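# What the coordinates show
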Amino acid sequence: MSGIQVQGLAKRFGARTAVEGLTFDVRPGEVFGLLGPNGAGKTTTVRMLTGLLQPSEGEATVWGCSARTQGEQLRRAVGLLTEQPGLYDRLSARENLRFFMKLHELDEAVAWPRAQAYLERFGLAGRESDACGSFSKGMRQKLAIVRTLVHDPKVIFLDEPTSGLDPESARTVRDAVEELAAEGRTIVLCSHNLAEVERLCSRVAIIQGRLLALAPLGELRRAGHALDIRVDGDAGRFLPTLAALPFAPNVMHEGGRLKVMLGDDTQAPEVLACLVGAGARVHSAVPSHRPLEEVYLELIRQGRA
Amino acid sequence: MAFRPQRALAVFWKDFLDLRKNVGLLLSMAALPLVFILVPIGVVWTYAARPDDPNLRVMAQYYDRELPLGANAAVFLIDRTLTDWFGMFLVMPVFVPILISSQSVAGEKERRTLEPLLASPVTAAELVAGKSLASLVPAVAISWLAFALFCVGVDIVAWPLVKGPLMPNTLWTFGILVLAPLFAFFGNGVAVLISARVSEARTAQQLSALVVLPLVGLVGGQVAGWLTAGMGYYALQGAVVLLLDMVLLVASIRLLDRERLISRWG
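Residues numbered from 1 in each chain as written. Chains lettered and ligands numbered in written order. Predicted model: local features only at pLDDT ≥ 70, side-chain atom pairs only at ≥ 80, totals over all residues. Heavy atoms only, no water.

## Here's the deal with helix 10 (residues 212-223) of chain B
All names here are of chain B. An ideal rise of 1.5 Å per residue puts 16 Å on 12 residues; helix 10 measures up with 17 Å between its terminal C-alpha atoms. Of the residues making up helix 10, those classed as buried are Val212, Leu215, Val219, Gly221 and Gln222. Against the buried residues of helix 10 lie helix 3 (54-63), helix 4 (73-89), helix 5 (91-110), helix 8 (170-195) and helix 11 (231-255). Phi for Gly225, located one or two positions after helix 10, is positive at around 90 degrees. (Helix = DSSP H or I, 4+ residues; strand = E, 2+ residues; numbered from the N terminus. Expected span 1.5 Å × (residues − 1). Buried < 20%, exposed > 50% of the residue type's maximum accessible area, 1.4 Å probe, protein only. Contact = heavy atoms within 4.5 Å.)

Given below as structure tokens:
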């Protein structure tokens, strides 16, 4: 069975539990978001799924390889982009890549053209002979991505892949992620950049030591409703009025716009009545979905509670 | 998990390449042999240049009260210097791998290259083998090169007195061919072990370097006349170090365990 299957996964370091009770699966061709605040256990989870750490409980299968018993085969099948690029500064880009080709026992005649194609794509062509120590942060990140892909992995774990990249490079990386998924690879994306997650991922898991939510992105956003309202003048003056409502909705505002988070659709008339009662001249009120950021923050708050 | 020599060689190749480009480390590695070659050559030259100095006989009699009247004190002292200095020379094959291995193991943690490396299929045994080779090969090569230069230097300065080659003698040849690699393995094993437990290459170097102190102490004992060095003495040292090497090898493979390294340093 390909993709990733995780069942009751837990990891303890002595008396401390990093994560527990994780159950999810990721399909081939899917870009899956693994979200959570710092220290939530994302890195530990990824390390278990890449054969770097042994699970304390549960089972995980990655591209048909058990994370418990088939670490070496598993590491052959996966590519891991770590949070830090982790390049050898004194070696050239070519030497860095060749080293990982050798570790994966690849035929360089096949692997090097693939690496070159990625280097070209990420704007690093012509810099193969330069020492990595002379690269900018963004170039190092891009080279680390090429290193992650050089052995043609079936499952790819990306930790903050666009960190430190300029907007153009970030777009190139996002396009590459979409293409890799379209080729049938399984991709797990760990990122605090929720806009990027919204663009790339079909499903997300939000964890904080345990699984807080696991759902398709659209479903997660639909889990709460919102109302986009345009009023005359500064919308901020209506915040105290809205806060006094019995269901005390979360409200974001900018200029004459308000985004009011609702528990359900029935709260919308009460919000509008309240605003009109407070003297607001309402231009429009459009139902919408809550932004992922709002859903994420609420789930994390609930998880902490 | 099968041991794949190609992967161990890849680690060796990478570390060796990195070493070649590390000018600071290369200079440190070159400074040590220079001292170990020049100091004894200078001492031998001092004895050979003034063989009739009556103080030499006094010095020689400190080591051998029954030195025959007809014996040449300068030749005796040169022979004694060469025998005792061999113990000091062994510091070099211990120390050079400490310089290299501390950089290559603790350096992976410092540079945050450890996690991508451990996420590859390489095993702990392959990692130990590759990193050890990358430190042993230069250490033994430097020791052998330094030995060759040492032989030439000693023979040049001693020739006018002894009218023939003094070096290489049996003790030094045995020592350089057999003991130097064993001692190099020892230095490497200690450095790998300590590097696996500390976070910085510099700390690893400083702690690992402490293992040369017993060696220096033994040489001090020889110079003070408390210990008499010879073939048997150095062979015994070699046997002890061989045993330590085996213990260190097993411990290194255990300590370079992926889970242990990642959970502590990843």
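After presenting the structure, the write-up continues.
## Topic: the sheet that holds strand 5 (residues 65-66) of chain A
Across a sheet, paired strands are connected by hydrogen bonds in the backbone, their directions being either parallel or antiparallel. Residues and elements named next belong to chain A. Ordered by their spatial adjacency, four strands build an open sheet running 2-1-4-5, and the pairing between neighbours is antiparallel. Strands at the two margins of the open sheet, each flanked by one partner only, are strand 2 (16-26) and strand 5. Here strand 4 (residues 57-62) pairs with strand 5 via two bridges, running antiparallel. Pairing of Val62 across the sheet is with Cys65, part of strand 5. Along the sheet, helix 1 (residues 42-49) makes contact with strand 1 (4-13), strand 2 and strand 4, crossing strand 1 at roughly 120 degrees. (Pairing = 2+ DSSP bridges. Axes fitted to C-alpha atoms, helices over the stretch in contact; angles between N-to-C directions.)

## What about empty space enclosed by the protein?
Counted according to the given criterion, the structure contains six cavities of 30 Å³ or more. Roughly 110 Å³ of internal volume is contained in the largest cavity. Lining the largest cavity, in full, are A:Arg75, A:Val78, A:Gly79, A:Leu80, A:Phe100, A:His104, A:Arg147, A:Thr148, A:His151, B:Pro116, B:Ala119 and B:Ser120. Listed by contribution, the elements that provide at least two residues to the lining of the largest cavity are strand 6 (78-81) and helix 5 (137-149) of chain A. Here the lining of the largest cavity is built from residues that sort into five nonpolar, five polar and two charged. The calculated volume of the second largest cavity comes to roughly 90 Å³. Taken together, A:Arg90, B:Lys14, B:Asp15, B:Asp18, B:Leu19, B:Asn22, B:Leu25, B:Ile100, B:Gln103, B:Ser104 and B:Arg111 make up the lining of the second largest cavity. Elements represented by at least two residues in the lining of the second largest cavity include exactly helix 1 (5-20) and helix 5 of chain B. (1 Å grid on protein atoms, 1.4 Å probe; cavity = no way out; pocket = protein on both sides within 12 Å on 5 of 7 lines; lining within 4 Å. Points joined across faces, edges and corners; volume = space filled by probe spheres on them. Nonpolar A, V, L, I, M, F, W, Y, C, P; charged D, E, K, R; others polar.)

## Focus: a positive patch on the surface
Taken together, the side chains of B:Arg197, B:Arg254, B:Arg260 and B:Arg264 make up a positively charged region of the molecular surface. Secondary-structure assignment places B:Arg260 in helix 12 (residues 258-265). (Patch = residues over 30% accessible without salt bridge, like charges linked within 9 Å, V, L, I, M, F, W, Y side chains within 5 Å. Areas by Shrake-Rupley, 256 points an atom, 1.4 Å probe, with all protein chains shown as cover. Salt bridge = Lys/Arg side-chain N within 4 Å of Asp/Glu carboxyl O. Lys, Arg positive; Asp, Glu negative; His and termini not counted. Charge placed at Lys NZ, Arg CZ, Asp CG, Glu CD.)

## Here we look at the nonpolar core
With 62 residues, the main nonpolar core has B:Phe89 and B:Trp172 as its most contacted residues. The dominant element in this core, judged by the number of residues it contributes, is helix 7 (residues 124-162) of chain B, at 12 residues. Core analysis: the next-biggest nonpolar cluster, separate from the first, contains 50 residues, A:Leu119, A:Leu143, A:Val150 and A:Leu217 among them. (Core = buried A, V, L, I, M, F, W, Y, C linked by side-chain atoms within 4.5 Å.)

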